[in-house]
Amino acid sequence: MKQATLHQLKVFEAVARHNSFTRAAEELFLTQPTVSMQVKQLTKAVGMPLFDQVGKRLYLTQAGEELVKTCRELFDKLDQFEMTIADLKGLKQGRLRLGVITTAKYFVPRLLGPFCKRYPGIDVSLQVTNHEHILNRLNENLDDLYVMSQLPESMEVTYKLVLENPLVVLAPANHPLAQEKNIPLERIASEPFIMREPGSGTRKAVQALFDEHKLSLKVQLDLGSNEAIKQAIAGGLGLSILSLHTVALEVPNSQLTVLDVQHFPIERYWYAIYPNGKQLSIVARTFLDYLLIEGKQLAEQTAKRKMADPVSSSKNTTPSAEDFEDREHPADRPPAN
Ligand code: PGA
């Protein structure tokens, strides 16, 4: 193992992450034969096969799995070291890897602009994907920090409440239900419905509410994107339930409207999460502090807007100050939805 180089480990980790020599070569701007050669040399240095190839698919061997874990720990440590040195020089510098669920893309990227201006030495990589994929990334320790609405059940995490993320029923603005108040859930169940894809946290929360009331939805189609669902609603394909933030930036004469339905909004919150025991890098800590302050400010602005416009606020879901405290123990968890 002494002959292995850092470069070989980086190449190997990329192949393991993509499960593909070709994609790793693309990511690293190398040719595929170079990637294969590096992995071959590393395999020789380890003295055991790192991958099994069955047909066209690559599988990590047990030795490969162990080496991926070691690589990630090593790269994390090296990143931390670089950031410590930068910090000693009085600079906030380094790489910030964020993994956020789809609804968080309506606020995290907007906060990143001012953050990157304030800390020009920080490079940010942002992965936006659904709940299930974020859980996979969390399990594989691929990012520094995650933003999600539902806490993982199979892993102990430290989490901090960032902002409310209510789910609401959306309809085309000219829908007959748009003028009605206190619409029963049964009425929504009888309408054609557009559902998020399996693996989505939104879908899970919607399903849980309707299961609780022993109702089934008339799902016309599954779509893997909030934006596509909004288009489908506007096109008259049905109703849907999405985060209020997906329409928060729409102009007042939008083609969509929020229906006044019993049991809505479904109260949810965005949490910033990282695995218990993970030592946050200086850069990740800096972003987390920033996120919590900005999140609070956004929550305060929302609360003010609600007081000015009580008609559109069906419930006061604004969190109180102590909701923003650190939570580290599973017993502190809010109920899963
Ligand atoms: P989703 O998550 O993109 O997986 O639906 C959104 C959310 O949980 O708020």
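Because the structure is a prediction, the values reported are computed rather than measured.

With that settled, consider helix H3 (residues 32-46). The end-to-end C-alpha separation of H3 is 21 Å, in line with the 21 Å expected for 15 residues at 1.5 Å each. Taken together, the buried positions of H3 are Val35, Gln38, Val39, Leu42 and Ala45. Along the axis of H3, the buried positions cluster into a sector of 120°, meaning they face one direction only. Among the exposed residues of H3, those pointing more than 90 degrees away from its buried face are Pro33, Lys40 and Lys44. Where H3 is buried, its residues contact helix H1 (6-18), helix H2 (21-28), strand E1 (51-54) and helix H4 (62-88).

Let's shift gears to the sheet that holds strand E11 (residues 256-258). Strand order in the open sheet formed by three strands is E10-E7-E11, and the pairing between neighbours is antiparallel. Each of the sheet's edge strands pairs with one partner strand only, and the pair in question is strand E10 (240-243) and E11. Averaged over all pairs of adjacent strands, the angle between their axes in this sheet comes to 45°, without regard to strand direction. Two strands pair when backbone bridges link them, and strand E7 (residues 167-172) and E10 are joined in this way by four bridges, in the antiparallel orientation. Residue pairing in the sheet places Leu170 in a bridge with Ser240 of E10. Across the sheet, helix H8 (residues 201-212) lies against E7 and E10, angled at about 125° from E10, the strand it touches most.

Turning to the packing of H1 against H3, a few remarks are in order. In the contact formed by H1 and H3, the axes pass within 9 Å of each other and the chain directions differ by 110°. Taken together, the axis directions place H1 and H3 in an arrangement best described as roughly perpendicular. The crossing of H1 and H3 is left-handed. Facing H1, whose interface residues are His7, Gln8, Leu9, Val11, Phe12 and Val15, H3 presents Val35, Gln38, Val39, Gln41 and Leu42. Across the contact of H1 with H3, the residue classes tally to seven nonpolar, four polar and no charged.

Turning to the nonpolar core, a few remarks are in order. For soluble globular proteins, the rule of thumb is that nonpolar side chains tend to be buried together. Counting 39 residues, the largest nonpolar core has Phe107, Val108, Ile273 and Phe287 as its most contacted members. At the level of secondary structure, the elements contributing two or more residues to this core comprise strand E3 (94-101), helix H5 (108-118), helix H6 (131-139), strand E5 (145-148), strand E6 (157-164), strand E12 (269-275) and helix H10 (282-308). In terms of residue count, H10 provides more of this core than any other element does, seven residues in total. With sequence-adjacent residues up to four places away left out, Ile273 is seen in contact with Leu138, Leu145, Tyr146, Met148, Leu151, Pro152, Val157, Thr158 and Tyr159. Among the nonpolar cores identified, the runner-up in size contains 22 residues, and Val169, Ala171, Ala189 and Ile266 belong to it.

Of note, Glu13 is situated in helix H1. Among the residues examined, Glu13 registers a relative accessible area of 8% and is labelled buried. In this structure Glu13 touches Cys71, Arg72 and Phe75, once residues within four positions along its chain are discounted.

Bringing H6 into the picture now. For H6, every residue scored as buried is listed here: His131, Ile134 and Leu138. Projection of H6 onto a plane perpendicular to its axis shows the buried side chains occupying an angular sector of 60°, all on one side. Looking at the buried positions of H6, the neighbouring elements they touch are E3, strand E4 (122-129), E5, E6, H8 and E12. At the N-terminal end of H6, a side-chain oxygen is found 3.2 Å from the backbone nitrogen of Glu132, two or three residues along, and the residue is Asn130. Where H6 ends, the next residue or the one after it, Asn141, has phi of about 55°, a positive value.

A full pass over the atoms with the stated rule returns eight aromatic pairs. Taken together, a centroid distance of 4.5 Å and an interplanar angle of 20° make the contact between Phe107 and Trp270 stacked. Taken together, the residues Phe107 in the loop between E3 and H5 and Trp270 in strand E12 connect sequence positions 163 residues apart. You'll find Phe107 and Trp270 in the same group, each marked buried. Between Phe115 and Tyr290, the aromatic rings sit 5.1 Å apart at their centres with planes inclined by 55°, giving tilted as the arrangement. Taken together, the residues span a long stretch of sequence, with Phe115 in helix H5 and Tyr290 in helix H10 at a distance of 175 residues. Considered together, Phe115 and Tyr290 belong to a single accessibility category, that of buried residues. Its end group placed over the ring of Phe75, Lys10 keeps NZ or CZ at 5.9 Å from the ring centre.

Taken together, Ile101, Thr102, Thr103, Asn130, His131, Ser149, Asn165, Arg196, Ser200, Gly201, Thr202 and Arg268 are the residues near the ligand. With respect to the ligand, the side chain of Thr103 contributes an N or O atom lying 2.9 Å from an oxygen atom. Arg268 places a side-chain nitrogen or oxygen 3.0 Å from an oxygen atom of the ligand. Surface burial for the ligand is 100%, taken as the share of its 280 Å² of free accessible area covered by protein chains. Spatially, the ligand is embedded in the largest cavity. Split into classes, the residues belonging to the shell around the ligand amount to one nonpolar, nine polar and two charged.

Rules of the game
- Residues numbered from 1 in each chain as written.
- Predicted model: local features only at pLDDT ≥ 70, side-chain atom pairs only at ≥ 80, totals over all residues.
- Heavy atoms only, no water.
- Helix = DSSP H or I, 4+ residues; strand = E, 2+ residues; numbered from the N terminus.
- Expected span 1.5 Å × (residues − 1).
- Buried < 20%, exposed > 50% of the residue type's maximum accessible area, 1.4 Å probe, protein only.
- Arc of directions from axis to C-beta.
- Contact = heavy atoms within 4.5 Å.
- Pairing = 2+ DSSP bridges.
- Axes fitted to C-alpha atoms, helices over the stretch in contact; angles between N-to-C directions.
- Parallel < 35°, antiparallel > 145°, perpendicular 65-115°, else oblique.
- Left-handed = near helix turned anticlockwise from the far one by under 90°.
- Nonpolar A, V, L, I, M, F, W, Y, C, P; charged D, E, K, R; others polar.
- Core = buried A, V, L, I, M, F, W, Y, C linked by side-chain atoms within 4.5 Å.
- Polar contact = N/O pair within 3.5 Å; in protein donor to acceptor, adjacent residues only side chain to side chain.
- Phe/Tyr/Trp six-rings, centres within 6.5 Å; stacked < 30°, edge-to-face > 60°.
- Lys NZ or Arg CZ within 6 Å of the ring centre and 35° of its normal.
- Near = heavy atom within 4 Å.
- Areas by Shrake-Rupley, 256 points an atom, 1.4 Å probe, with all protein chains shown as cover.
- 1 Å grid on protein atoms, 1.4 Å probe; cavity = no way out; pocket = protein on both sides within 12 Å on 5 of 7 lines; lining within 4 Å.
- Sits in = over half its atoms within 2 Å of the grid points.

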